[in-house]
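# Breakdown of the fold
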Amino acid sequence: MSISGERRGVVARLCASIAKRPRFWFFGAAVVVAALGAGLGGVRKDPSVDAFVPDDHPAAAARDRAEEVFGLEDPLIIGLAVEEGGSAFTPAVLDALRRIETEIAALPNIDASGLMSVATESAMSAADAGDLSVDPILPPGPVTPKTAALAWERLRSMPMFVGLLASETGDTVTLIAPVHDPNRAEETYAAVRRIADNAAPAGVDAHVAGVAAMNGRLAVMVTTDTRIFVPAAAVVALLFLYVALRRGPALLGPVAVIAGSTAAALGIMGWLGAKYYLITTALPVIIMAIAIADALHISTLYLKERSDDPNLDVEGALQAALQHTALPVTLTSLTTVAGFAGLALGSPMRPISEFGWFATVGVAAAWALSLTALPAVIVMTRLEPRGGSKRAEGGIVDLAIARLTQVAFQRPKTAAALLVALVAVLAVFATQASFDYERKRYFVEDDPVRISDALLNERLNGLNFLDVVVTAPDGADLMTPEAIMAIRRLTEELRAEPLVSKTTGIDDYMALMHEILTNAPQGALPTTARAPAQYMLLYEASGDPGDFDRVVDYDYRNALVRTQLVTDRFRLARPVVDAYERAAEAFVADSGFTAQVSGRVAVNDGWMSLLAGSHFATLALALALVFVAAAASFRSLSAAALATVPVLTGVLFTYAVMGAFGVDIAPATSMTAAIATGLGVDFGVHLISHIRKSQAAGFELGAALSGRYAVIGRACLYSASALAVALCVICLSSAPPLRWFGALVAAAAIGSLAGALFILPAFYGLFSNRLSAVPKTAMEIS
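Residues numbered from 1 in each chain as written. Predicted model: local features only at pLDDT ≥ 70, side-chain atom pairs only at ≥ 80, totals over all residues. Heavy atoms only, no water.

Okay, the packing of helix α9 (residues 283-308) against helix α25 (residues 708-730) next. How two helices sit against one another is set out by the angle between their axes and by the gap between those axes. Put simply, α9 and α25 touch, their axes get as near as 9 Å, and they point 150° apart. One way to sum up the angle between α9 and α25 is to call them roughly antiparallel. At the point where α9 passes α25, the crossing takes the right-handed sense. Grouping the amino acids of the contact of α9 with α25 by side-chain chemistry returns 17 nonpolar, 3 polar and 5 charged. (Axes fitted to C-alpha atoms, helices over the stretch in contact; angles between N-to-C directions. Helix = DSSP H or I, 4+ residues; strand = E, 2+ residues; numbered from the N terminus. Parallel < 35°, antiparallel > 145°, perpendicular 65-115°, else oblique. Left-handed = near helix turned anticlockwise from the far one by under 90°. Nonpolar A, V, L, I, M, F, W, Y, C, P; charged D, E, K, R; others polar.)

So, about the sheet that holds strand β2 (residues 76-81). With antiparallel pairing, the 3 strands of this open sheet are ordered in space as β5-β2-β6. Two strands close off the open sheet at either side, each with one partner strand: β5 (172-177) and β6 (205-209). On average, each strand axis in the sheet is inclined to that of its neighbour by 20°, with strand direction left out of account. As judged from the 5 bridges shared by β2 and β6, these two strands associate in the antiparallel manner. Bridging across to β6, G79 finds its partner in H207. (Pairing = 2+ DSSP bridges.)

Among the nonpolar cores identified, the biggest contains 269 residues, and L76 and I506 are the most heavily contacted of them. With residues near it in sequence (within four places) discarded, L76 still touches I110, L175, I176, A177, V179, T188, Y189, V192, V208, A209, A212 and A213. Membership of the second largest hydrophobic core comes to 5 residues, among which are A66, F70, V469 and L560. (Core = buried A, V, L, I, M, F, W, Y, C linked by side-chain atoms within 4.5 Å. Buried < 20%, exposed > 50% of the residue type's maximum accessible area, 1.4 Å probe, protein only. Contact = heavy atoms within 4.5 Å.)

The strands that make up a sheet are held in pairs by hydrogen bonds between backbone atoms, and each pair lies either parallel or antiparallel. The sheet built from 4 strands is open, its strands ordered β9-β10-β8-β11 with antiparallel pairing. For this open sheet the edge positions go to β9 (500-504) and β11 (594-598), each flanked by a neighbour on one side alone. If you compare each strand with its neighbour and ignore which way they point, the axes differ by 20° on average. The pairing of strand β8 (residues 464-471) with β11 spans 5 bridges and is classified as antiparallel. Across the sheet, the residue bridging to V469 is Q596, located in β11. Against the sheet, helix α3 (residues 58-70) touches β8, β10 (558-565) and β11, its axis set at about 105° to β11. Across the sheet, helix α16 (residues 481-495) is in contact with β8, β9 and β10; its angle to β10 comes to roughly 15°.

Turning to helix α12 (residues 373-381), a few remarks are in order. With 7 of 9 residues buried, α12 lies mostly within the body of the structure. Those residues of α12 that fall on the buried side of the exposure criterion are A373, L374, P375, A376, V377, I378 and V379. Once α12 ends, the next one or two residues include R382, with phi positive near 50°.

Mapped onto the secondary structure, D453 falls in helix α15 (residues 448-459). D453 sits in the buried class, given a relative accessible area of 8%. When neighbours within four sequence positions are excluded, D453 is seen to be in contact with A209, M214, R439 and K440.

Think of a pair of aromatic rings as described by two things: how far the centres are apart, and how the planes are tilted against each other in angle. Evaluated as defined, the whole model comprises 13 aromatic pairs. On the basis of an interplanar angle of 75° and a centroid distance of 4.6 Å, the ring pair of Y539 and F548 is categorised as edge-to-face. Side by side, Y539 and F548 carry an identical accessibility label, which is buried. Members of the aromatic cluster, each reached through a chain of ring pairs, are F435, F616 and Y655. A cation over a ring is seen here: R21 above F24, with NZ or CZ 4.4 Å from the ring centre. Above the face of the F465 ring, R562 is positioned so that its terminal group lies 4.1 Å from the ring centre. (Phe/Tyr/Trp six-rings, centres within 6.5 Å; stacked < 30°, edge-to-face > 60°. Lys NZ or Arg CZ within 6 Å of the ring centre and 35° of its normal.)

To continue, consider helix α18 (residues 531-542). Spanning 12 residues, α18 covers 17 Å between terminal C-alpha atoms, matching the ideal 16 Å at 1.5 Å per step. For α18, the complete set of buried residues consists of A531, P532, Y535, M536 and Y539. Buried residues along α18 cover an arc of 140° about the axis, so they all sit on one side. Facing away from the buried surface of α18 by more than 90 degrees, the exposed residues are L537 and A541. The elements touched by buried residues of α18 are β3 (122-126), β4 (132-136), α16 and α17 (506-518). (Expected span 1.5 Å × (residues − 1). Arc of directions from axis to C-beta.)

Here the focus is the packing of helix α23 (residues 672-696) against helix α26 (residues 736-766). It is at 9 Å that the axes of α23 and α26 come closest, and there the two elements cross at 30°. With respect to their mutual orientation, α23 and α26 come out roughly parallel. In this structure, α23 crosses over α26, and the sense of that crossing is right-handed. Contacts between α23 and α26 involve T672, I675, A676, L679, G680, F683, G684, L687, I688 and I691 from the first element and F741, L744, V745, A748, A749, S752, L753, A756, L757, L760 and Y764 from the second. Its residues placed into classes, the contact of α23 with α26 shows 17 nonpolar, 4 polar and no charged.

A few words on the side chain of T503. Within the fold, T503 resides in strand β9. Judged by relative accessible area, T503 falls into the buried class, the value being 8%. Separated by 2.7 Å, the side chains of T503 and R495 make a polar contact. Not counting residues up to four positions away in its chain, the partners in contact with T503 are T491, R495, D508, R562 and T563. (Polar contact = N/O pair within 3.5 Å; in protein donor to acceptor, adjacent residues only side chain to side chain.)

Another point: the pattern of salt bridges. All told, the structure shown has 24 salt bridges when counted by the stated rule. A salt bridge links D447 to R217; the shortest N-O distance between them is 2.9 Å. Within this pair, whereas D447 is found in the loop between α14 (412-430) and α15, its partner R217 is found in helix α7 (residues 211-245), the two being separated by 230 residues in sequence. According to the relative accessible area criterion, D447 is buried, its value standing at 3%. Where salt bridges share partners, they join E438, K440, R441 and D664 into one cluster. (Salt bridge = Lys/Arg side-chain N within 4 Å of Asp/Glu carboxyl O.)

All we've got here are geometric facts, nothing functional implied.
This is the structure in structure tokens:
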């Protein structure tokens, strides 16, 4: 028996079984979906950007070491700001700062021992007989105008705190609040926001920023958007289904496929303990679109069969429709799985990789439900076509597709010229797309956390931390003049880099103590062998030894050089991080100590560099797997090459939109081109499969591009439109990355559709001699 005959036998047996026991097939599928969907409750949110950093990445290792040694963690930063030119060092403002500190210290996710402000830190000054005096910056007791003025004076005597705990002009004071888990800070951020707003005096603006605040705000956005925009996208997609199928009962089967495939994919996420990242918000919509495409092709062909032959019963029409669509639906599922598998295998970032894997689960579920639950619903509802003429079933849409196809096929050189011109224009825009990331771009301009971040960064000259952790070799410590001088040389080299607004290290504290105790010139360092250790002992006798925990550890083997940058934008900070790496290497060679670059800016640079380095390789892998799957399915390299034409147009559209509108290639948007490979191949596979089947049946190429070809093109048009409009609903999200994700995948869908409906017929026209003969054993449709 031929391959086609075997397949027709399988489809006939499947149709007969479903026609005989539709409830068994439907409720059997429902039970499986319910069991998988029960895992939804186990899905956990993770809105942090650190989720994109592999655990074994050097930047992550350096971050973890700094956290372990110095207790550094991405904090909340609370700021109390008065109008420019005013002073925040007033009794009202400093009292409010104390109240905020007391109240947030009681919050469960706040590390109360690490709170840092002018109300917690100390200042050094000279005491009698050359001794060292250590006093609180803000004296204890009620805040009076005198103690507020004294706090301002003491703060200015500690340069390492200026630009961190207060602005240089004194119009802003801050409270730095470490959190135990900055990736689970949504409730903490909301509570701190309420406390700060309630405590701020009249005329004083309270601001809450920092990475932990942004993570908390993102978590709220993910939850809100998932609850609102995913259902809204589903409703819009169903409206397109209704327009395509033109009857309410026809929606029941597709709804079952859409809901079932989405529940299965997200449910398996829960069962496997996977996390729900910011980009995961778009996963249900992608699965929805794939499910719509499968269900729409089967339903459209079924209704077409019933409309063409009124004497054909439900079972006969269903069998005819499945004979024509079962294979292309299977092939498109395989090629789509190949595209998403390329995304999953090629990306070193867990959120992107998991997106690819769970999208493949959704594709597989949509395929299985389209061939079982959907036919069962059709049989149970005895679905009838809409009354009226045959032409009304496709109407003007079929006529338009048929006309476009014939124009492209009959005038291929004109179509090719237009294609070359279009590709040239799109390529110009596509080359403008670039890799970039900036934390604030995850929020709209009027979002409170973005406003707070902008104001505090402006007034404090940057709160973007880039650090170097210095470690002495075994058996040595850093309390020697040589070590302190080496750290000084390092800090001076770092301070000279662009974007750096401030550096702070143990050398700054040593220089200040040396000046106070010996009347040495400002900035001079001790040269006597035991002086650094003696200075530390003197400080411990007068103040809290824990005051140095953020710059040097208890054994004096590890020290932190902390720098503040005016921006965390990847494109601008990348050269600075490179310079820090070179400075750290030179420091190691010069001093014999070790040094690691760390800090939030370094971590962001690490995962963005990883993304930039793997992005095009991931896309190439996705394209290669799609091509291999298409070649294996069609058993033809030329057919596989044709099937990738819509894919390439979709990818080109994606990058062109990025370049034209200045959209960064960042984590959320970086996936769109690879996703386009999985989605865009569907249209080409359906149309090419029909052409090859028609040719194998003896039709000329021109005839194969007419008749039922327009019906299949209509299904492609409506499925692409449903995807594009549903994704445009996501463009209403409060998170700009999701907006751009939706817009870019929508652009990819439209680009792939254009490639399938216009460019494919033109290619057939240009190479009609080579593409006319199809082996009788080919895996054709019907």
